[in-house]
Amino acid sequence: MERHFPNLENNVDKLKKELQTDPNISRVRHYARTVPRKVPSAAKQYFLDKLPIVQWLPRYSPSWLASDFMAGLTIGVMLIPQGLSYAKIATIPIEHGLYSSWLPAAIAVFLGTSKDLSTGPTSLMGLLTSEIIADLKDEYSPVDIAAAVAFMVGVYGLVIGLLGLGFLLDYISIPILTGFISATALTIGFGQVGSLVGLDDTPETVFDIIGDVLRRLPHWDGPTSGIGFGTVAILFLLEKVGKKWGKKHFVIKYMANSRAIIVLVVFTLISYLVNKDRDELLWAISKVDTNGIAHPKSHSGDLISKVAARAIAPFVAASLEHQAVARAFGRKNHYSVDQTQEFNYLGVTNLINSFFGAMPVGGAMSRTAVNSECNVRSPLNGIFTAGFILLTIYVFSPALYWLPKATLAAIIIMAVIHLFGPFSLIYRYYRVSIADYIAFNVAFFVTIFVSSEYGIGTAAGWAVVWTLLRSAFVKADVSANKDSRGDSSSSSRSSTHDGTLVESTGTATRVRTDSVGVGVPEDTVVISFKDALFYPNAQRNKRHALESVQLVYPSVGSPNYRLDNERSWSVAGERRLERLRRERSIVMKDMPLSIVVWDFAMVPFIDVTGVTALAELKDDIRRNLGNGVEIRLVNLVRGVRARFERAKWLLADADGSRVIEGADLVFPSLERAVWDDRECLKGVVSEKA
C-alpha cells in the first residue's frame, strides 16, 4: 500500500527550485564550465605578465643600445655616492649600500615594467631601517637586522603582487604621503648635521638637534666644516649651472646630473693627499672596506619574527614611492606600467637582495628623473648599471677608504632637501580640503616627534575615521515645487537614443552601449562617476575609465605608426587592450574621440587625491586619444566645483560671458554637454582622421 506525504514532496520541490535558482550555485556551475577551458590560455598569459622581458626584447632595436648604455652608466655613477650615503643613514657599514645596489638593476631587466625607474637604496628606506636597528642592535648586528627587514619587505611585496592586493595601499592618500616624506626629509637632513660640522653624540629628534648644534657652535671642527660646507657649495652650484645651461650642452648636463660623484672623487682625493702621511686624521673618513660582493647568508628565524611587524612601515613607504615614481614616468613617456608586476619585482628584488647583506630598496625619484633625461630606451640599461657597480666593488672601492664623512653628510642633505613638500602644495591642501590638510599635519608632526611608523599609521587612521564620520552625517537633499498647484518640477529626458557610456564606480568601470537619457554621437563618451571621488577609489576610477575609453576608441599617434628607432619599447599596454577587446567582443569605433563628458550627478564629495586623479585622467586622455579632445563637466554640485576652483582648475560656464583660454566648460545639463557647439569640432575630427 502506497503512502503519500504531500508536505514532504512539496518541501522537496521547493528545495529543488531553491537550489536551481540560487545565484551562488549558478555562479559555481558557470565557473565550473568556463574555468577549465580558460586555464591554459590564462596560465600562459599569467607567466608572460610575470616575465616582461619576453614581451619587449623581441622589439628591441640595436640603435637603442647607445642610449641604454649611457643611461645605465649615468645611474651607476649616481648610485655609488647615494648607496654609500643611504647606508650611512641606515646605520650599517656604508659598503653595504653598494651591495644593495647592483642586484635591483640586474633584476629590473627581467621583471621590471618601467624603463625609467631606478630601484636601489633610498633615504626613506635608510631612515626606517635605522629606527628598527636602533631598537634591536643590542641583540643582533645592524647588517643582519637590515637584511631581515629587506627579506620581510620582499615577502610582503610578493604576497601583495601575487594576490593582487595592491588596492590596499590606496588608503594612503597623497597628502599623507607628502607629510610623511617631508618629515622624514627633515629628520634625515638634520640627522647629518653633526657629521657635517664634526660633532659627535648629537640627539635624535629634529628640534633637539637644532638646539644642540647651535649650543655647541664653538666646538665645531674647522677642517670638517670646511669639507662639509665646501661639498654643499659645489653641489648647489653644479645643480644651478645644470638648470640654467644643461639644455644647451650635454657635457654641462652630464656634470650636473653626476655632481654627487664629482664631489665624492674631488674630496676623496683631497682627503687622501692630506691624511695619507698623518698619524692623526684631520677629519673623519668613511673607511670603506669591500672584498667583492657579500657571500649569501641565511636569516635568523628569531630575528625575522621580531622584524616582521616592524617591516610593514618600510614596505608601505617603499611601495608607495616605487609605484608613484613608476606611474609618473610611465605617463610622461607614454607607456603603461603594470602595478601588480611592480609589486612582484619589488618583492623578488628585496627577497634575493636580503641574502647578500642588503638594506631594503625601492624606486628613487631623483635617479629615475635622470634616467628619463638620458633618453633611456628600455630596461636593458640595468645591465650596464649593475656592471658599473660591480666594477666599483671589485676595482675602485679601495679609493673610497679615504672618503670624508662630512662629504657623505653633505650629499645626503642636498639629496633630501628636495623631498620636502613645497609650501605652495601644503597651502593647496588647506584650500582644497581641510581634512587632507589635517592628514598632512598628522603625518608630518607625528613622524617628527614620535616615529615614522606611528606617523604614517596615525595619519591613515585619521583619514579612515574622517571618511566614516563624513559618511555617517550625510543628509538627503529634498526638492519640491514651490507652486502647490503643480507637480514637482523635475525635468525628464524623453530621448532614448543609444550611446556609449562609461560608468565608473569605486570598484568597477565598464563600457557599454546603453540608454543614457540623451543621444550620444559616435565621437563622444560620457563618464558617469557613481560615488564620491576620494583617496580610496580615485586612482582605480582613473585607471578603469581610461582603459574603458581606450577599448572603444582608436589611439591617435599610436606607437605602431612611428619610425623604428622611435617606436615604444613596451607593447604590454597595447596587447592587453587587444586581448580585452577579443575577450569582450568589443569592436573599435572608426571615428576618433572628440568629446569626453564627466557626469558628476552622483559625486557629493572630492578630495585632493580625487582632483589629482582627474587631472591625470584628463592628461592621459589627451596623450593617448588626441590633444584636441575636449573635456566637459556636468552636474557639478557647489561643494565639488568649489574644490576644483580652489585647486586652480580652470572652469568656465558654458552660458557665461567670459571666455577663459584653456578652461574646461561646465554645462547645466547632460544633453547640452553632449550636443552644444559641435560644429567647431569638425576640424579637430578631420585633423585626427
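The rules behind these values
Think of each chain on its own: its residues are numbered from 1, step by step along the sequence as written. Totals for whole chains, interfaces and linings use all residues, but because this is a predicted model, local features are given only for residues with pLDDT of at least 70 and pairs of side-chain atoms are given and counted only at 80 or more. Hydrogens and waters are ignored; side-chain quantities use all the structure's heavy atoms. Under the DSSP-based scheme used, a helix requires at least four consecutive residues in state H or I and a strand at least two consecutive residues in state E, with every element numbered from the N terminus. Relative accessible area decides the class of each residue, using a 1.4 Å probe on protein chains only: under 20% of the type maximum gives buried, over 50% gives exposed, and in between gives partly exposed. Nonpolar cores are built from buried Ala, Val, Leu, Ile, Met, Phe, Trp, Tyr and Cys residues. Side-chain atoms within 4.5 Å join them into one set. Residues are treated as being in contact if the distance between any of their heavy atoms lies within 4.5 Å. Each residue after the first adds 1.5 Å to the expected span of a helix. Comment: arc refers to directions from the helix axis out to C-beta atoms. What makes two strands pair is DSSP finding at least two bridges between them. Crossover handedness is defined by viewing with both strands directed away from the observer: a clockwise path from the first strand over the helix to the second marks the crossover as right-handed. Think of a patch as exposed residues, more than 30% relative accessible area, with no salt bridge, where like charges cluster within 9 Å and nonpolar side chains (Val, Leu, Ile, Met, Phe, Trp, Tyr) cluster within 5 Å. Only the protein chains shown count as covering a residue, and every accessible area follows the Shrake-Rupley method with a 1.4 Å probe. Note on definitions: salt bridges are taken to be side-chain nitrogens of Lys or Arg within 4 Å of carboxyl oxygens of Asp or Glu.

Student: Tell me what's going on with the overall build of the protein, and back it up with residues and numbers.
Tutor: When helices and strands are tallied, the protein shows 29 helices and nine strands. Per-residue burial over the protein gives 51% buried out of 689 residues.

Student: Quick one: what's the story with the nonpolar core, residue by residue and with numbers?
Tutor: Membership of the largest hydrophobic core comes to 79 residues, with the highest contact counts inside it found for Ile80, Leu84, Ile145, Ile176 and Val307. In contact with Leu84, not counting residues within four places along its chain, are Leu79, Ile94, Glu95, Leu98, Leu264, Val288, Leu400, Leu403 and Leu408. Counting residues in hydrophobic clusters, the runner-up holds 38 residues, among them Leu551, Val552, Trp598 and Val640.

Student: Describe helix α23 (residues 452–472), with residues and values.
Tutor: With 21 residues, α23 ought to run about 30 Å at 1.5 Å a step, and its terminal C-alpha atoms sit 30 Å apart, in line with that. Those residues of α23 that sit buried are Ser452, Gly455, Ile456, Ala459, Ala460, Ala463, Thr467 and Arg470. Taken around the axis of α23, the buried residues stretch over an arc of 120 degrees, which confines them to a single face. Along α23, exposed side chains directed more than 90 degrees from the buried face belong to Tyr454, Leu468 and Ala472.

Student: Before we move on, could you go through unusual backbone geometry and cite the residues and values that matter?
Tutor: A positive phi is found at Ser585, a non-glycine position, where the angle reads about 55 degrees. Along the chain, Ser585 turns up in the loop between α25 (572–584) and β6 (595–599). Ser585 gets classed as exposed once you look at its relative accessible area, which sits at 61%. A positive phi angle, near 60 degrees, is found at Asn635, a position not held by glycine. Looking at the secondary structure, you find Asn635 in the loop between β7 (630–634) and α27 (638–646).

Student: For helix α9 (residues 174–191), give the residues involved together with the corresponding values.
Tutor: Taking 1.5 Å per residue as the helical rise, α9 with its 18 residues ought to reach 26 Å, and the 25 Å between its terminal C-alpha atoms agrees with that figure. Taking burial as the measure, the 18 residues of α9 include 14 buried ones, the bulk of the element.

Student: Please set out the pairing of β7 residue by residue, giving values where relevant.
Tutor: Strand residues, when the strand is regular, have side chains that alternate between the two faces of the sheet. In terms of residue burial, β7 counts as a mostly covered element, since five of its five residues are buried. Here β7 shows a buried face lined by Glu630, Arg632 and Val634 and a second buried face lined by Ile631 and Leu633. When β6 meets β7, the two strands line up parallel, connected through five bridges. By the bridge assignment for β7, Val596 is matched with Ile631. Considered for its hand, the β-α-β crossover made up of β6, helix α26 (residues 608–625) and β7 is right-handed. Here β7 pairs with strand β9 (residues 664–667) via three bridges, running parallel. When the sheet's bridge partners are listed, Arg632 is paired in β9 with Leu665.

Student: Account for the side chain of Ser173, with residues named and values stated.
Tutor: Position of Ser173 among the secondary structure elements: in the loop between α8 (142–163) and α9. According to the relative accessible area criterion, Ser173 is buried, its value standing at 2%. Leaving out residues up to four positions away in the same chain, Ser173 has contacts with Tyr535 and Thr609.

Student: Before we move on, can you summarise a nonpolar patch on the surface with the specific residues and values?
Tutor: Judged by side-chain polarity, Tyr46, Phe47, Val159, Leu162 and Leu163 come together as a nonpolar surface patch covering roughly 510 Å² of accessible area. Among the secondary structure elements, those contributing two or more residues to the nonpolar patch are α2 (23–50) and α8. Looking at the nonpolar patch, the element that brings in the most residues is α8, giving three residues. Relative to the elements of secondary structure, Leu163 occurs in helix α8.

Student: Tell me what's going on with the pairing of strand β5 (residues 524–529), and back it up with residues and numbers.
Tutor: Among the six residues in β5, six count as buried, and that is most of the element. Because side chains alternate across β5, one face comprises the buried residues Thr524, Val526 and Ser528, and the other comprises Val525, Ile527 and Phe529, equally buried. For β5 and β6, the ladder comprises five bridges, and the chain directions are parallel. Among the inter-strand pairings, Val525 is bridged to a residue of β6, identified as Val596.

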